[in-house]
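Working through the structure, step by step
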Amino acid sequence: MEKIDCDQVLDQLSEYLDEEMRAELCEAIKEHLARCQDCKVMVDSVRKTIVLYQKHSTIELPMQATVKLSAALAREYGREPGRAD
Ligand SMILES: [Zn+2]
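The paragraphs below set out a description of the structure included in this document.

Reading guide: rules and limits
Residues numbered from 1 in each chain as written. Predicted model: local features only at pLDDT ≥ 70, side-chain atom pairs only at ≥ 80, totals over all residues. Heavy atoms only, no water. Donors = N, O, S within 2.8 Å, 3.2 Å for Na, K, Ca; no water. Tetrahedral: all angles 85-135°; square planar, octahedral: opposite > 155°, others 65-115°. Helix = DSSP H or I, 4+ residues; strand = E, 2+ residues; numbered from the N terminus. Buried < 20%, exposed > 50% of the residue type's maximum accessible area, 1.4 Å probe, protein only.

1. Concerning the coordination of the zinc ion
- The zinc ion binds to the protein through Cys6 (SG), His32 (NE2), Cys36 (SG) and Cys39 (SG); the donor distances cover 2.1 to 2.4 Å.
- Taken together, the four donor atoms surrounding the zinc ion define angles of 105 to 112° at the centre, an arrangement classified as tetrahedral.
- Read N to C, the donor residues that coordinate the zinc ion are spaced as C-x25-H-x3-C-x2-C. You can see Cys6 sitting in helix 1 (residues 6-18) and its partner His32 sitting in helix 2 (residues 23-35), a full 26 residues away along the chain.
- What makes Cys6 partly exposed here is its relative accessible area of 30%.

The values are spatial; any link to function lies outside them.
Below is the structure:
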């Protein structure tokens, strides 16, 4: 299996979350997330943000834009969005 780094996780995240990724790369990301806490937190945050968008917004944001924005925020704050402490 190919190894990927943190930047590749981010690059492929929209497809990963969109479940359109080829299985091999999906596995590579899962494997990366299993050993990289930073990316795991980031992916969890992005996933939650996307769910919130889909629930509360009638605006259809492009998946790629949503992922990049959410990932940037998650990296900036290093925790779930919306917590005020
Ligand atoms: Zn990573």
